[in-house]
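# Structural overview
These are the residues of each chain, in order.
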Amino acid sequence: ITVHHEKGTPAWGAVFAQFPTKVSETKAFRLPEIEIKKEIRKYDGNKVVKLDQLHVGDKLQVVLTVNTDRDMQYVTINDHRAACFEPADKFSGYQFSDSNIKHRQSIGYYNDIKDTQNRILINFLPKGSHVITYDVYVTNSGTFCTGIAEVTCEYAPQFTAHTQGEVFIVGR
């Protein structure tokens, strides 16, 4: 790509490239300014434990951790679910996160539940580490790829990050 700017005034721009790839081959991407991590845990009675074997009917907790080095406005998280995961909450709505790990500050967000993803819309994301959780049920057996979770600051889309893709094997 070649760009020519002949006037004496400041100019800026960006290049955005997008291409298809297998989800299972997607590597995590982060920037110093923003990072997202995704962990899936399994309920064992009333407690949440590390994920081991999956079976149809298991209840899981999806844990999204977002780290930022500055305050950000209008942040969107798109968390793509595996085809075998059905959200426990069926209705979209406004929710509050777990406390900010360092400053004990909760954030409000709108959780827009779609067929294949949860779209989380945050008006104001303070600097620090924030945890957002939601529950899903395992509905089918087989081998599935869980989608990536991606976070983007809508006012400054150069601040973006995503998790890696994972493969799950679900038994009956």
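Presented here is an overview of the structure given in this document.

Criteria and cut-off values
Residues numbered from 1 in each chain as written. Predicted model: local features only at pLDDT ≥ 70, side-chain atom pairs only at ≥ 80, totals over all residues. Heavy atoms only, no water. Phe/Tyr/Trp six-rings, centres within 6.5 Å; stacked < 30°, edge-to-face > 60°. Helix = DSSP H or I, 4+ residues; strand = E, 2+ residues; numbered from the N terminus. Buried < 20%, exposed > 50% of the residue type's maximum accessible area, 1.4 Å probe, protein only. Polar contact = N/O pair within 3.5 Å; in protein donor to acceptor, adjacent residues only side chain to side chain. Contact = heavy atoms within 4.5 Å. Pairing = 2+ DSSP bridges. Axes fitted to C-alpha atoms, helices over the stretch in contact; angles between N-to-C directions.

## What about the packing of aromatic side chains?
Applying the stated criterion across every chain yields a total of three aromatic pairs. For the pair Phe85 and Phe168, a centre-to-centre distance of 5.7 Å together with 55° between the ring planes defines the contact as tilted. Residue Phe85 is found in strand β6 (residues 85-87), and its partner Phe168 is found in strand β14 (residues 166-171); the two are separated by 83 residues along the sequence. Just as Phe85 is buried, Phe168 falls in that class too.

## Notes on the side chain of Asp58
Relative to the helices and strands, Asp58 resides in the loop between β3 (54-55) and β4 (59-68). Assessed through its relative accessible area of 14%, Asp58 is described here as buried. A distance of 3.3 Å separates polar atoms of two side chains, one belonging to Asp58 and the other to Lys42. Those residues within four positions of Asp58 in sequence are excluded, and the remaining contacts are Lys42, Gln53, Val136, Tyr137 and Val138.

## Considering the sheet that holds β4
Taken in spatial order, the five strands line up as β2-β1-β4-β10-β6 in an open sheet, and their pairing is antiparallel. The sheet is open, and its two borders are formed by β2 (47-50) and β6, each paired with just one other strand. Ignoring strand direction, the axes of neighbouring strands in this sheet form an average angle of 45°. Where β4 meets strand β10 (residues 128-138), 10 bridges bridge the pair, whose relative direction is antiparallel. Within β10, the position partnered with Gln61 by the bridge is Asp135.

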